[in-house]
Amino acid sequence: MSAPRVPPAAVARDRLRIAVQRSGRLAGSARALLAACGLVWREAEDQLFWPGREQPVDLLRVRDDDIPGLIAAGHCDLGIVGRNVLLERQGGAPRPPAVREWRALGFGRCRLAVAVPAAWTWRGPADLAGRRIATSYPGLLAAWLRAEKVPAEIVTLAGSVEIAPQLGQADAVCDLVSSGATLAAHGLVPVADLLASEAVLAGPRAPLAPAPARLAATLLRRVDGILRHRACRLVLLQVERERLAGLLDLLPDAEAPTVMQVDGADRLALQALCRGELTWQRREALERAGAHGLLVLPVEGVPA
Ligand code: ATP
Ligand code: ZN
């Protein structure tokens, strides 16, 4: 298959172009979200541009760090990127940033935190005065140090920040944390949070051209539908007639449950769309309340 031609953004104004991470932590979920919106592409792992197959919405697959700049320069219209990357790229900008967060997407959650050697007794940010802090987020760290009025030296590294104290490159680090296991494996403990991050849909502050703007509005509507109904599940079960009321008490979030009679008069089949989480405990409670053959199914494309 020949490589698809990548039209310059300026002449592709009748299409919408979305940048996503090519590989890494956000790549799979970002594509899955867009696919759940109904988008399909002519996919080829080794190519960075995937033209839309049934709709004029194309994917640009790049490094996450490049996404804010690509949007700002108009090479793509929207992007899915960590809030941490978006804000770092805007750090210290003299003017209002050209790219802003359109939606928080609920995956890729992590926090940017300062971590210090476990042996330190941490009393507060002032303990960092005069210290060297290694980070890949110099903009966000500098802003935080300024706000805390702590004069510290920032050592900017592209990656593997957590090893810096052991190498003697720095005294502390400022890095992304999710479980904290990586920090702990390097004898570090998080002591202060700078930012709560997750993947976001980013777009320009200035309006898009009319055709991409219309496509972006449709995409936003679908993304919002998916975000609103992410926890939504279809619950199917059977229950004896006299236990139905008690069981419905456990499903206060069920919308217009459908109840049907099964064969004989005493057993009923119930079908309900539930908006809340069907947790382990809740499923147990349903079974104790008389649910037989409980099935909990994911739902796609629930109307808003
Ligand atoms: P690329 O090759 O695209 O530059 P990367 O190595 O910079 O990738 P990843 O490690 O794939 O980036 O992380 C992408 C994003 O995932 C981060 O910017 C952050 O928003 C999010 N993320 C969630 N949890 C973590 C974590 N524990 N560590 C690092 N990033 C995380
Ligand atoms: Zn990156």
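The rules behind these values
- Residues numbered from 1 in each chain as written.
- Chains lettered and ligands numbered in written order.
- Predicted model: local features only at pLDDT ≥ 70, side-chain atom pairs only at ≥ 80, totals over all residues.
- Heavy atoms only, no water.
- Near = heavy atom within 4 Å.
- Polar contact = N/O pair within 3.5 Å; in protein donor to acceptor, adjacent residues only side chain to side chain.
- Nonpolar A, V, L, I, M, F, W, Y, C, P; charged D, E, K, R; others polar.
- Domains from an automatic or database assignment.
- Contact = heavy atoms within 4.5 Å.
- Buried area = accessible area lost by both parts, 1.4 Å probe.
- Salt bridge = Lys/Arg side-chain N within 4 Å of Asp/Glu carboxyl O.
- Helix = DSSP H or I, 4+ residues; strand = E, 2+ residues; numbered from the N terminus.
- Expected span 1.5 Å × (residues − 1).
- Buried < 20%, exposed > 50% of the residue type's maximum accessible area, 1.4 Å probe, protein only.

## Overview of the site of ligand 1
Next, step 1: Around ligand 1, the structure places 16 residues, and the nearest of them are Arg 25, Arg 63, Asp 65, Asn 84 and Ser 178.
Next, step 2: Ser 178 places a polar side-chain atom, nitrogen or oxygen, 2.6 Å from a nitrogen atom of ligand 1.
Next, step 3: Grouping the constituent residues of the shell around ligand 1 by class yields four nonpolar, seven polar and five charged.
Next, step 4: Looking at the shell around ligand 1, you find at least three residues from each of domain 1 (8-108 + 199-228) and domain 2 (110-197).

## Focus: the domain arrangement of the protein
Next, step 1: When the domains of the protein are assigned, the result is domain 1 (8-108 + 199-228), domain 2 (110-197) and domain 3 (233-298).
Next, step 2: Placing the centre of domain 1 and that of domain 2 at their C-alpha centroids yields a distance of 30 Å.
Next, step 3: With seven residues of domain 1 at the contact, the number on the domain 2 side is nine residues.
Next, step 4: Carbon and sulfur atoms make up 52% of the area that domain 1 and domain 2 hide from each other, which totals about 740 Å².
Next, step 5: Counting across the interface, domain 1 meets domain 2 through zero salt bridges.
Next, step 6: Summed over the shared surface of domain 1 and domain 2, the number is seven residue pairs in polar contact (both at pLDDT 80 or more).
Next, step 7: Sorting elements by how many residues they give to the side of domain 1 that touches domain 2 places helix α3 (residues 83-90) first, with five residues.

## Points about helix α7 (residues 210-228)
Next, step 1: With 19 residues, α7 ought to run about 27 Å at 1.5 Å a step, and its terminal C-alpha atoms sit 27 Å apart, in line with that.
Next, step 2: Of the residues making up α7, those classed as buried are Pro 212, Ala 216, Leu 219, Leu 220, Val 223 and Gly 225.
Next, step 3: Buried-residue contacts for α7 involve β1 (16-21), α1 (27-36), β4 (78-82), β5 (99-104) and β11 (199-204).

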